[in-house]
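Listed below are the residues making up each chain.
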Amino acid sequence: MTATSANLAIWIIAALATVGVLVRPFKWPEAVWAVLGSVALLVFGLLPLADGLGAVGKGLDVYLFLIGMMLLSEIARGEGLFDWVAAFAVNHADRSPKRLFLLLYGVGVVVTAFLSNDAAAVVLTPAVFAAAKKAKADPLPYLFICAFIANAASLVLPISNPANLVLYGDHTPPLGRWLARFALPSLLSILATYGVLRWSQRAALTEACECGVEQAKLSAGGWTALIGLVSTASVLLIVSALNIQLGGATCVMGMLTTAVVLVRKRASPLPVLRGVSWSVLPLVAGLFVLVEALNRSGLTGALASLLRVGASESVDGAAAASGLILAVVSNLMNNLPAGLIASTTIVQAHAPQKVIDALLIGVDLGPNLSITGSLATILWLTAIRREGQTIGFVKFLKVGALVMPPALVLAIGARLLV
């Protein structure tokens, strides 16, 4: 097989796998299509086995991060923490769906900023569904909060989105420098997303909701889960400030919190383990392998050349264009592989800082356009399916097409002016 035909085959397999992840033919899980694409690359000799295994290994920190967050979410759900938070929000909304919307959005900002967008999708979604159920309100507008804030607030801190770590690799800016670059873009993104999302759901937020629901006493296990979540957020801030990878610390905190709860109750870990969405791990591993093959096909070299030419003519122009393009591409192939490709590209292109930061904004905010744009949104989709809800691609796109562009443009514009 010639180099040209091999590269063409890589592109075809990667495209088919991506379509499978997006469309889910036969209603097979997203992970099946990512893994099938990866296996095909290895079987046809388009990617050496050693390189494929190496690509899987590159995702170790992400796997550990997700395992920790999913364990925290599942133990918190099982111990009634989400129901407790839901009752608190409903009672403080005072029959106003608009106030309930604002309260839940504020909680989403905090969870995303300090526990990551994936945690917002995994941890917050069950709580929001429980709140809507207790308030006897249509859950969809409130569930949309979990999906959109998970990406909109993911610029606040380096730990707010694993994609931040993927894009910057071992060169994540110190916390102070990060805030100087992204504080204003983050604020504008959060406010713009709230305004447009709230407007788009105005029809569903007109009827009064229930209040005065019973605020059950939080169990000892629930308090342990809450302390575990708060402690995890604190540990991640410290680890981030020390420029240490987050996955190991998150996994340890998740396992420790789960173990403490189970030991105190003398309960079996099997129900918790069964409740974790383990399929997300092979999905991520498959995406890493697909990106490795695309890198070998010469994709990043070509992109780096284009980026160098653009930046030589206008840094601001190249930053704006690359950020907007990556935002769209993230919805076509998921922002995790898009971020991996962008990370390799900026290293080869020796891209200016403004270009790198605009790419980060694109990979963080762009996925709010479609339902499979980010891993957080896929996790959110899995979470709402567990609650008996379903959102189609087109239905999400109609809202995302309104919500994403203003936040993206304002955030990139603000970064270029800083």
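You'll find the structure just up there.
Residues numbered from 1 in each chain as written. Predicted model: local features only at pLDDT ≥ 70, side-chain atom pairs only at ≥ 80, totals over all residues. Heavy atoms only, no water.

The next subject is the packing of aromatic side chains. Inspection of the entire model under this criterion finds 14 aromatic pairs. When the ring of F101 is compared with that of Y142, the centres are 6.2 Å apart and the planes differ by 50°; the resulting orientation is tilted. Here Y142 lies in helix α8 (residues 140-152) and F101 lies in helix α6 (residues 97-115), a separation of 41 residues in the sequence. For the pair F101 and Y142, one class covers both residues: buried. Considering the side-chain rings of F148 and F396, the 5.0 Å spacing of their centres and the 10° angle between planes classify their relative orientation as stacked. Of the two residues, F148 is situated in helix α8 and F396 in helix α20 (residues 393-417); the sequence distance between them amounts to 248 residues. Aromatic rings pair up to connect F101, Y105, Y142 and Y194 into one cluster. (Phe/Tyr/Trp six-rings, centres within 6.5 Å; stacked < 30°, edge-to-face > 60°. Helix = DSSP H or I, 4+ residues; strand = E, 2+ residues; numbered from the N terminus. Buried < 20%, exposed > 50% of the residue type's maximum accessible area, 1.4 Å probe, protein only.)

Residues L41, L66, Y142, V284 and W380 are the most contacted members of the largest nonpolar core, which totals 146 residues. Beyond its immediate stretch of four places on either side in the chain, V284 contacts V62, Y63, L66, L336 and L375. (Core = buried A, V, L, I, M, F, W, Y, C linked by side-chain atoms within 4.5 Å. Contact = heavy atoms within 4.5 Å.)

Moving on: unusual backbone geometry. Notably, F26 is not glycine yet its phi reads approximately 60°, a positive angle. The phi torsion at R266 lies on the positive side, around 55°, for a residue other than glycine. Its location among the elements puts R266 in the loop between α12 (247-265) and α13 (270-275).

Another aspect to go through is the environment of A120. For A120, the location among the structural elements is in helix α7 (residues 117-134). Separated by 11 residues in the primary sequence, A120 and V109 have C-alpha atoms spaced 8.5 Å apart. A120 has contacts with V111, T112, T125 and A150, leaving out every residue within four places of it along the chain.

To continue, consider the pattern of salt bridges. Evaluation of the coordinates by the stated rule reveals eight salt bridges. The shortest N-O distance in the salt bridge between D51 and R296 comes to 2.7 Å. Of this pair, D51 sits in helix α3 (residues 49-58) while R296 sits in helix α14 (residues 280-296), and the two are 245 residues apart along the sequence. Look at D51 and you get partly exposed, because its relative accessible area is 27%. Judged by relative accessible area, R296 falls into the partly exposed class, the value being 45%. With its nearest N and O atoms 2.7 Å apart, the salt bridge here joins D357 to R415. (Salt bridge = Lys/Arg side-chain N within 4 Å of Asp/Glu carboxyl O.)

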